[in-house]
Every structure is written in structure tokens, then in C-alpha cells.
Amino acid sequence: MYLVANIDQEICAATSCRLCTQYCPEANTIQYGTELGKDKGFKYGSAYVSVDRCKGCAQCVWVCDNMAKHKAIKMEMIDQIGDQALTENISYHEKNTTAVLASPWKS
Amino acid sequence: MSLDYVKFTPGFGKFMPKEYRDMVEHGPFGKKTTVSQVGTFKEIMEEHPMCAGCAMTLFIRLAFIALPNPEDTIMVGTAGCGRLAISQAAVPFVYGNYGDQNGVASGLSRGLRLRFGDQPKDVVVMAGDGGMADIGFSCTLHSWFRQEKFTTIMLDNEVYGNTGGQESGMTNKGQVLKMAPLGKKFEKMDMLGMAKVAGCAYVATVVPNNPRRVESVIKKAVLIAREVGPTYIQAYTSCNIEYAIPTDQVLQDCKDVENDRYQFTEYISDEAKEHLSTLYGYKEYLPKPVAAVTKG
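Here the residue index of a chain counts from 1 through its sequence in written order. Chains and ligands are labelled by the order in which they are written, letters from A for the one and numbers from 1 for the other. Residues qualify for local features only when their pLDDT is at least 70, as the model is predicted, and side-chain atom pairs are given and counted only at 80 or more; totals for whole chains, interfaces and linings, by contrast, use all residues. Calculated side-chain values reflect all of the structure's heavy atoms, with hydrogen atoms and water omitted.

Participant: Which residues make up the overall build of chain B, and what are the values?
Facilitator: Per the secondary structure count, chain B includes 10 helices and 7 strands. Radius of gyration (C-alpha) of chain B: 20 Å, near the 19 Å computed for a compact globule of 296 residues. In terms of its C-alpha atoms, chain B occupies a principal-axis envelope of roughly 80 × 55 × 35 Å. A contact between two residues is defined here by any heavy atoms of the two lying within 4.5 Å. Sequence-distant contacts in chain B: of pairs separated by 6 or more residues, those separated by 24 or more amount to 66%. In this description, accessible areas are obtained by the Shrake-Rupley approach with a 1.4 Å probe, and a residue is regarded as covered only by the protein chains that are shown. For chain B, the exposed area adds up to about 13,000 Å²; of that, 56% sits on carbon and sulfur atoms. One finds the centroid of the 32 positive side-chain charges in chain B at a distance of 4 Å from the centroid of its 33 negative side-chain charges. Secondary structure follows DSSP: runs of H or I at least 4 residues long count as helices, runs of E at least 2 residues long count as strands, and numbering of each begins at the N terminus. Radius of gyration here uses only the C-alpha atoms, and the compact-globule reference equals 2.2 Å multiplied by the residue count raised to the power 0.38. We count Lys and Arg on the positive side and Asp and Glu on the negative side, and we leave His and both chain ends out. All charge positions are set by atom: Lys at NZ, Arg at CZ, Asp at CG, Glu at CD.

Here is the structure:
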């Protein structure tokens, strides 16, 4: 098992700063969905991780803790984080992306 | 080399992998994408074999987002870590022999100008400090002296990271590395000074700590290289393996080095300023109105 980034969407959607997406060294790994969190009353959406591309470097954790000061990202074992986005489930729209969340261990 | 090559042959789209379909349908080709939109479109760079948390990867990713016309760009690289990521992208990549990347780019840039005339075709050289300041030093300097019109980007990790940690010309004086146990004996080479002396129209240093600055610097360098002359960007992209930086501290290291010895500097020639303001609408380079002199 290995660690991947896991974003707490409630904390993230409250601010929607998008910094982690800009500082991730891997392309299309931390994505941004403007629909995420709308069911909980947040307006601007949240970041999410496509776990099959995450190499577990934890730069996003440093960015979220020290630059954005939101502490919304934690490194967690991939088999213990439940349903997560995978690259094959991501669809792009005009201004955002959406992910049909699927557990990597079920599919 | 045009928007025509980023589309499907009719009837074959459904057989292509998802990443390819996303690139054609939601990629940045023919659109204006910026760093602030990142995470909402398919990026040019794909998965690559570079180390986790590498600052060089972050810089290369930002550079691909910043290219003004990715569909009209050719990247040229050489041996070194950077090529592992630069080659995994939907932009043509030419791999020069070690050190001759600026020579290859010179011919490529001239050939494209002959073939396509006024239509902009950008050539961007992206190579490491070893390929540019040590082994490819003569090709690099000569291309600047000849005023070849393309962009040169140095990925300066201050070490030969790919071969076990030998010192390079860009390593700092006294630095002890795995394959330089006595410490480096001479100062870091002043490539910025040499670029200015050799007549580069635009010279800048950046650290990937500031994505929007990286974007702005690369856009300017590529646009200036279309018409005015050679441009040079030197980017600090630490090697977290050879310098033993924990991956979650890579950005802290970037910040420390930026404050210490890699402050943002930018040199832009007057001709380049005029070029940017008249052709591409950069308002900050418009000539300042001269205050009326009153006699009396």
C-alpha cells in the first residue's frame, strides 16, 4: 500500500483557493470540479485528486498547510480512503471537470 | 505543427485511449489557457517517469501551460532528467545529442521560417544545466551570438542528477555532492551575464515557487523570440534526490533559495519592449508619455 493525497472537500469548497492544483508536479492529478460541494451550500466547487496519477510527494499538503493555511489535504493509504476519482472517470466540461467517484479497489 | 494534427481521423476517434480523446476535445490547442484555469482542462503533459515531488517537473508542467501557441511549438531537449517529462507531452519533441540542442534548434528555427514564412512557429530549447552550461556550452553561446530566434530555457538543478550527482558548472562553490566529495572548486557560472553580453533580447531567472510569474516569463520569452532575437530563462529546479530534500519540503527549499540567491531578475531590451507592446498589447512596456517642457 502507498500514500496518496486526500482532499477534505468541505474545507476546500469553503475557500476554493486552487493553489494545490497549481503547485502539483503531476499533470491533471489535482483537478477542479465546480459542482463539488454545491449540495452542501458551497458556491465555487472543490479540488479533488485522481488517485491513479498521484505519486504521493505531499507538496500539495505543504501548499495547503503553509501557503493557503487551510489544512484540507492529508496523505492517506490508498486502500483506506474509500471512493476516489480515477483518470478514466473524469470528464471535462467547458469550465470545469467532473468525476464519477469510484473506488480503485472495486473497479 | 498545426491545429490539423490534433484531431481524429474520421471514424477512428472511438478507438483512441481516453487521454488522447480528452486531449483532442478538451486540450489547450487553439484556446487561451492560463495557470489560474489549471485543473479544469486537459494538460499537454501526460504521465511521466520523473521522481515524485520533483521541482523540475513542476516547472516543465507550468512551462507547457504557458506556451502561447502549443500547437505551433517544437521542443528541443537533450540528455538529462528534463527530457523524461518534456517528451511525454502532445508537443513535438526533438532530442539532440548531448550538448548540441541549441545547434539543432538553430537549424530547426531557420527551416521553419523558410517553410512557413510569417506564420509563427516557436522553437523552445529546454535542457539541464549540464547540457547547456558544460557540455553544450559552445552551441548555446554561439546560437546567442548568431542571434538565432528561439527560446532557451535552462532547468538549473545545480547537479548532474541523472548520473549520480557529479558537480556541474552551475553548482555552487564548495558544494559537496555524492560524486564531488571534496566540494566544488570554482564559482557558479554566470550564464545570465553571458546571455546579456551575447545579445539575448530577454533574460530572466525564475523559481517555480510562483506559477503565474513562470507563466508570464515564458510567454514573454517565446513571443520575443519570434521576431526580435534569442531569449534565455534560467529556472531553479532543485534535485530533491541529490540534494536530499524531503519531497514535502521542496517548495520550502525553492522559497529559501529564491530569498537567498535566486531572486527574480528580468532584463528586456528596448526593441523587445516595443515588440511586446505594439504586437501583443503589453501595456506595461508602452513608452511613457514625456512631460511637456515649458520654457520660461
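Participant: Outline the interface of chain B and chain A, supporting the account with residue identities and numerical values.
Facilitator: Listed by partner, the interface residues are 38 residues for chain B and 29 residues for chain A. Using a 1.4 Å probe, buried area is obtained as the accessible area two parts lose upon being combined, added over both of them. Carbon and sulfur atoms make up 51% of the area that chain B and chain A hide from each other, which totals about 2,600 Å². It is K18, T40 and L251 of chain B that lose the most area in chain B upon contact with chain A, and together they represent 21% of the buried surface on that side. Basic side-chain nitrogens of Lys or Arg form a salt bridge, by our definition, when they fall within 4 Å of a carboxyl oxygen of Asp or Glu. The salt bridge partner of R53 of chain A is E46 of chain B, with a shortest N-O separation of 3.0 Å. Whenever a nitrogen or oxygen atom comes within 3.5 Å of another N or O atom, the pair is scored as a polar contact, on the condition that within protein one atom can donate a hydrogen and the other can accept it, and that pairs from neighbouring residues in sequence are kept only if both atoms are in side chains. Summed over the shared surface of chain B and chain A, the number is 15 residue pairs in polar contact (both at pLDDT 80 or more).

Participant: Help me get a handle on the pattern of salt bridges, residues and values and all.
Facilitator: Close approach of charged atoms lets side chains of opposite charge pair. All names here are of chain B. Counted according to the given criterion, the structure contains 18 salt bridges over all chains. Here R110 and E148 are joined by a salt bridge, their closest N and O atoms 2.4 Å apart. Taken as a pair, R110 in helix α4 (residues 101-116) and E148 in the loop between α6 (137-145) and β4 (151-156) lie far apart in primary sequence, 38 residues in all. Only protein chains enter the area calculation, which uses a 1.4 Å probe; residues under 20% of their type maximum are buried, those over 50% are exposed, and those in between are partly exposed. Look at R110 and you get partly exposed, because its relative accessible area is 46%. Across the salt bridge formed by D260 and R261, the nearest N and O atoms sit 3.7 Å from each other. For D260, a relative accessible area of 53% gives the class exposed. If you follow the salt bridges from partner to partner, you end up with D156, E158, K188, D260 and R261 in one network.

Participant: Outline helix α3 (residues 59-67) of chain A, listing residues and values.
Facilitator: Counting along an α-helix, one turn takes 3.6 residues, and residues three or four places apart therefore face a common direction. Every buried residue of α3 of chain A is listed here: Q59, C60, V61, W62, V63 and C64 of chain A. Summarising the contacts, the buried residues of α3 of chain A are in contact with β1 (3-7), α2 (19-23), β2 (30-33) and β4 (73-77) of chain A together with α2 (55-66) and α9 (250-260) of chain B. Phi for K69 of chain A, located one or two positions after α3 of chain A, is positive at around 60°.

Participant: How would you sum up the packing of α4 of chain B against α6 of chain B? Please name residues and give values.
Facilitator: All names here are of chain B. In contact at an axis separation of 7 Å, α4 and α6 are set at 35° when each is read in the N-to-C sense. Each of Q101, N102, G103 and S106 in α4 lies in contact with α6, whose residues at this interface are C139, T140, S143 and W144. Asp, Glu, Lys and Arg are counted as charged, while Ala, Val, Leu, Ile, Met, Phe, Trp, Tyr, Cys and Pro are counted as nonpolar; the rest, among them Gly, fall into the polar class. Partitioning the contact of α4 with α6 into residue classes produces 2 nonpolar, 6 polar and no charged. Simply put, an axis is a line fit to the C-alpha atoms, just over the touching stretch for a helix, and the angle between two N-to-C directions goes from 0 to 180 degrees.

Participant: Break down the nonpolar core for me, with residues and values.
Facilitator: Residues and elements named next belong to chain B. Here the nonpolar core consists of buried residues drawn from Ala, Val, Leu, Ile, Met, Phe, Trp, Tyr and Cys, with membership extended through side-chain atoms lying within 4.5 Å. In this structure, F59, I60, F64, M75, M126, I218 and I224 are the most contacted members of the largest nonpolar core, which totals 50 residues. In contact with F59, not counting residues within four places along its chain, are I153, L155, V206, P208, V214, I218, A235 and T237. Residues A105, A127, L141 and L192 belong to the second largest nonpolar core, which totals 22 residues.

Limitation: the analysis is restricted to geometry and does not speak to function.
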